[in-house]
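Residues per chain, in single letters:
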Amino acid sequence: KQPPGGTSADEEETHGITYMNTGRQQEALQEFEYVKKLDPGNKDIYYLIGSTYQRMNQLEQALGAYRQCTSGKYANVAQSAVRNLEKKVGKVSAR
């Protein structure tokens, strides 16, 4: 999806992944948040947001993002990440 005169959600997602993989987590999050606005139905973006938060050691935020990745190519790995993080931080919803 591409807004008039702008970059596509896919391009923004690629930029975010590049930022995430080069240690520029805040910039990655900004890109991924923008993708959410451009393509609200993209559930994969929540996995990428979760991965970014996990790299920043913000595990509760990562867990919340992973839980929203309910479909798409990252859904299975996101659910696995949920199980692993729940063991690390305890069930957030149990508080």
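Residues numbered from 1 in each chain as written. Predicted model: local features only at pLDDT ≥ 70, side-chain atom pairs only at ≥ 80, totals over all residues. Heavy atoms only, no water.

> Residue-level account of the pattern of salt bridges, with values.
Inspection of the entire model under this criterion finds three salt bridges. For Arg-24, the salt bridge goes to Glu-27, with nearest N and O atoms at 2.8 Å. Arg-24 gets classed as partly exposed once you look at its relative accessible area, which sits at 37%. Here Lys-36 and Glu-33 are joined by a salt bridge, their closest N and O atoms 3.1 Å apart. Of this pair, Lys-36 and Glu-33 both sit in helix H2 (residues 25-38), three residues apart, which is roughly one turn of that helix. For Lys-36, a relative accessible area of 26% translates into the label partly exposed. (Salt bridge = Lys/Arg side-chain N within 4 Å of Asp/Glu carboxyl O. Buried < 20%, exposed > 50% of the residue type's maximum accessible area, 1.4 Å probe, protein only. Helix = DSSP H or I, 4+ residues; strand = E, 2+ residues; numbered from the N terminus.)

> Which residues make up the packing of helix H1 (residues 9-21) against H2, and what are the values?
Across the interface, H1 lies against H2 with an axial gap of 8 Å and an inter-helix angle of 160 degrees. The angle between H1 and H2 places the two elements in the roughly antiparallel class. Like other packed secondary-structure pairs, H1 and H2 cross with a definite hand, here left-handed. Facing H1, whose interface residues are Ala-9, Glu-12, Glu-13, His-15, Gly-16, Ile-17, Tyr-19 and Met-20, H2 presents Gln-25, Glu-27, Ala-28, Glu-31, Phe-32, Tyr-34, Val-35 and Leu-38. The class makeup of the residues in the contact of H1 with H2 is nine nonpolar, three polar and four charged. (Axes fitted to C-alpha atoms, helices over the stretch in contact; angles between N-to-C directions. Parallel < 35°, antiparallel > 145°, perpendicular 65-115°, else oblique. Left-handed = near helix turned anticlockwise from the far one by under 90°. Contact = heavy atoms within 4.5 Å. Nonpolar A, V, L, I, M, F, W, Y, C, P; charged D, E, K, R; others polar.)

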